[in-house]
Amino acid sequence: MRKFPFSLQILLGLVLGVALGFVARANDVSWLTSTLHTVGGLFVQLLKLAVPPLVFTAIVVSVVSLRGVANAARLALKTLLWFGVTALIAVGVGIGLGLLTDPGKGVTLDLSGAAAPKRTGSWTDFLTGIVPTNPVGAFVEGNVLQIVFLALVVGAAALLVGEKAEPFVALNRALLEIVQKALWWVIRLAPIGTLGLIGNAVASYGWDLLAPLAKFTTAVYVGCAIVLFVVYPVVLLAAGRLNPLRFFAGAWPAIELAFVSRSSVGTMPVTQRAVERLGVPREYASFAVPFGATTKMDGCAAIYPALAAIFVAQVFGVHLSVTDYLLIAFVSVVGSAATAGLTGAIVMLTLTLSTLGLPLAGAGLLLAIDPILDMIRTATNVAGQALVPTVVAAREGTLDRAAYDAAGRRDPVGPLEADRPASGRLDPVPA
């Protein structure tokens, strides 16, 4: 399989999965559907297994690594700023598309069967949920938001302690290398995981299930496509003076893996490797990518909640005012960390609905097709997570443009260290 590019392997798995899914559904082959479900489920389970140690060690190491980075505070602030700017544009696309398409009008659904999902979100739950009552429990439960909080606190403390904390930092670096190595073995199985995940989706979701929500599903995919292939290229050209085709050539393997795995955090090693191969300095990428994988969610936290809120309001006959649309934008930009990089965006959706005073049972109407929607949402998330560090590095004058122009010509899951050494500095080029 190493003779074939990683992207081609994923594509082959995708095509074969679709074919097997159609066979399983058309002929009601239950054992094939069950096998596809098991294969895809095991792949996602293996990705989730690595999430807690990966997030903690990656953030601790990335925070400590900022010690040797020139203008680290400015880089962090610019990263946050561009996270917010692109999220605001994405939610604007979602709201505009919702007003244009009216995804909930004319939809006939049995509202008596709608129920609020088990996982819901509110501002108080979000704020109180950041701080764990038990640090061990955060890892056992896989609460990524709490793990991020712990990692940021521990990393900042280690940064201030200095040399005395070096043994602890070295341990985290070693653990990060071990977890990443194990995760790369899992990522190598992505073509097989793709076959199972896509095959199970095709076998499980027929037109009879999608038909009542076809307009909404189409709107989500179109909205994500607009952000991916219109907004992001414009940002690359206008803000970074970069060729969008080269960006997508370098970032596409991460976007592709995100589409099938539905996990921003699980895709993080591929995203970071792609970002570094796009010419972003390794020291900055090691901070921006893990941070983005847990907070930068243009698909799950911007486009989708905006469209879903409009859909739910129209289905339940609730009029949304201009203030409501402004609240949607506010929640999307400020509350995106609630999605925390895991599969699904139910918490973010319920947070948006509760802020607007819409019935939380409306989220239950969309649960049936959530995996189908989550694929394009997560792909958009990961594209944004790769875009922002690339643009910031370009604007700071630290982007290796020769590496950027060569992006996409090498297998993204091959050895990275042999490509180019870390620069060791992130000083901006004098104007």
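These numbers were taken from a predicted model, which means no experiment stands behind them.

**Student:** What is the right way to read the overall build of the chain from this model?
**Tutor:** Counting secondary structure elements, the chain contains 19 helices and 0 strands. A buried classification covers 57% of the 431 residues belonging to the chain. Looking at the chain alone, contacts between residues at least 24 apart form 85% of all its contacts between residues at least 6 apart. Accessible surface computed for the chain: about 18100 Å², of which carbon and sulfur atoms make up 68%.

**Student:** Please clarify how the nonpolar core should be interpreted in this entry.
**Tutor:** As a rule of thumb, nonpolar side chains are buried together in soluble globular proteins. Phe216 and Phe247 are the most contacted members of the largest nonpolar core, which totals 119 residues. Of the residues forming this core, the biggest block, 14 residues, is contributed by helix 18 (residues 370-396).

**Student:** Even after reading the chapter, I still don't get the packing of aromatic side chains, so can you show me in this structure?
**Tutor:** One pair of aromatic rings is described through two measures. These are the centre distance and the angle between the planes. Within the structure shown, the criterion is met by 8 aromatic pairs. Geometrically, the ring pair formed by phenylalanine 216 and phenylalanine 311 is tilted, given 5.0 Å between the ring centres and 45° between the ring planes. Residue phenylalanine 216 is located in helix 10 (residues 214-240), and its partner phenylalanine 311 is located in helix 14 (residues 298-315); the two are separated by 95 residues in the primary sequence. Grouping residues by exposure puts phenylalanine 216 and phenylalanine 311 together as buried. Here the aromatic rings of phenylalanine 247 and phenylalanine 248 are separated by 5.4 Å at their centres, their planes lie at 75°, and the arrangement is edge-to-face.

**Student:** What should I look at first to understand a nonpolar patch on the surface in this one?
**Tutor:** Taken together, the side chains of Leu8, Leu11, Leu12 and Val15 define a hydrophobic patch exposed on the protein surface, amounting to about 340 Å² of accessible area. With respect to the helices, strands and loops of the structure, valine 15 is situated in helix 1 (residues 6-26). Residue classification places valine 15 among the exposed positions, given a relative accessible area of 52%.

**Student:** How do you make sense of the environment of isoleucine 310 when you look at a structure like this?
**Tutor:** Relative to the helices and strands, isoleucine 310 is located in helix 14. C-alpha of isoleucine 310 to C-alpha of tyrosine 325: the two residues are 15 residues apart in sequence and 9.1 Å apart in space. If we skip the residues at most four places from it in the chain, isoleucine 310 touches Ile95, Gly98, Leu99, Pro103, Leu320 and Tyr325.

**Student:** Sorry, what's going on with the pattern of salt bridges here?
**Tutor:** Any two side chains of opposite charge can pair if their charged atoms end up close together. Under the defined criterion, the tally for this structure stands at 9 salt bridges. Across the salt bridge formed by aspartate 298 and lysine 296, the nearest N and O atoms sit 2.8 Å from each other. Taken individually, aspartate 298 and lysine 296 each receive the classification buried, so the pair is uniform in this respect. Two residues, arginine 377 and aspartate 370, come together in a salt bridge whose shortest N-O distance is 3.2 Å. Of the two residues examined, arginine 377 and aspartate 370, each falls in the buried class. Here the salt bridges do not stand alone but share partners, grouping Arg262, Asp370, Asp374 and Arg377 into one network.

**Student:** Please explain the packing of helix 3 (residues 72-101) against helix 18 as it appears in this structure.
**Tutor:** Each pair of packed helices can be summarised by the angle the axes make with each other and by the distance between the axes. Where helix 3 contacts helix 18, the two axes come as close as 10 Å, and the packing angle between them is 130°. The orientation of helix 3 relative to helix 18 falls into the category oblique. Crossing of helix 3 over helix 18 shows right-handed handedness. Residues Arg74, Leu75, Lys78, Thr79, Trp82, Phe83 and Thr86 of helix 3 pack against Leu387, Val388, Val391, Val392, Arg395 and Glu396 of helix 18. For the contact of helix 3 with helix 18, the class distribution of residues is 7 nonpolar, 2 polar and 4 charged.

**Student:** Help me out: how do you make sense of unusual backbone geometry in this one?
**Tutor:** Backbone phi values are negative for most residues with the exception of glycine, while trans is the configuration of most peptide bonds. With a phi angle near 55°, aspartate 28 is a residue other than glycine that sits in the positive phi range. Mapped onto the fold, aspartate 28 is located in the loop between helix 1 and helix 2 (30-65). In this structure, arginine 262 takes a positive phi of about 60° despite not being glycine. Using a relative accessible area of 19% as the deciding quantity, one classes arginine 262 as buried.

**Student:** Mind showing me how you'd approach helix 3 here?
**Tutor:** Along an α-helix, residues three or four positions apart point the same way, because every turn accommodates 3.6 residues. Given a rise of 1.5 Å per residue, 30 residues ought to cover 44 Å, and the 43 Å separating the end C-alpha atoms of helix 3 matches this to within 8%. Immediately downstream of helix 3, the backbone of aspartate 102 shows phi near 50°, a positive value.

**Student:** I keep staring at helix 11 (residues 244-261) and nothing clicks. Help me out?
**Tutor:** Here helix 11 is 18 residues long and its end C-alpha atoms lie 24 Å apart, about the 26 Å a rise of 1.5 Å per residue gives. Along its length, helix 11 shows its largest kink, about 55°, at alanine 251, and proline proline 253 lies within four residues downstream of that point. Across the 18 residues of helix 11, 13 count as buried, placing the element largely inside the fold. Just downstream of helix 11, arginine 262 is the residue with a positive phi angle, here 60°.

**Student:** Even after reading the chapter, I still don't get the packing of helix 3 against helix 15 (residues 322-334), so can you show me in this structure?
**Tutor:** With their axes 9 Å apart at the nearest point, helix 3 and helix 15 run at an angle of 140° to one another. Crossing geometry of helix 3 relative to helix 15 is assigned as right-handed. When helix 3 is examined against helix 15, the residues Gly84, Ala87, Leu88, Val91, Ile95 and Leu99 are found in contact with a partner set consisting of Tyr325, Ile328, Ala329, Ser332 and Val333. For the contact of helix 3 with helix 15, the per-class residue count stands at 9 nonpolar, 2 polar and no charged.

**Student:** I tried to follow the confidence of the model for the chain on my own but got confused; where do I start?
**Tutor:** Low-pLDDT stretches of the model should not have their predicted coordinates read in fine detail. Per-residue pLDDT for the chain has a mean of 82; in total, 84% of the residues score no lower than 70. Least confident of the elements in the chain is helix 9 (residues 207-210), whose mean pLDDT is 61; most confident is helix 10, at 95. Predicted confidence for residues 415-431 stays below pLDDT 50, and this span has 38 contacts to residues more than four positions away or in other chains.

Scoring rules and cut-offs
- Residues numbered from 1 in each chain as written.
- Predicted model: local features only at pLDDT ≥ 70, side-chain atom pairs only at ≥ 80, totals over all residues.
- Heavy atoms only, no water.
- Helix = DSSP H or I, 4+ residues; strand = E, 2+ residues; numbered from the N terminus.
- Buried < 20%, exposed > 50% of the residue type's maximum accessible area, 1.4 Å probe, protein only.
- Contact = heavy atoms within 4.5 Å.
- Areas by Shrake-Rupley, 256 points an atom, 1.4 Å probe, with all protein chains shown as cover.
- Core = buried A, V, L, I, M, F, W, Y, C linked by side-chain atoms within 4.5 Å.
- Phe/Tyr/Trp six-rings, centres within 6.5 Å; stacked < 30°, edge-to-face > 60°.
- Patch = residues over 30% accessible without salt bridge, like charges linked within 9 Å, V, L, I, M, F, W, Y side chains within 5 Å.
- Salt bridge = Lys/Arg side-chain N within 4 Å of Asp/Glu carboxyl O.
- Axes fitted to C-alpha atoms, helices over the stretch in contact; angles between N-to-C directions.
- Parallel < 35°, antiparallel > 145°, perpendicular 65-115°, else oblique.
- Left-handed = near helix turned anticlockwise from the far one by under 90°.
- Nonpolar A, V, L, I, M, F, W, Y, C, P; charged D, E, K, R; others polar.
- Expected span 1.5 Å × (residues − 1).
- Bend = angle between axes of the 7 residues up to and from the residue.
- pLDDT = per-residue confidence, 0-100.

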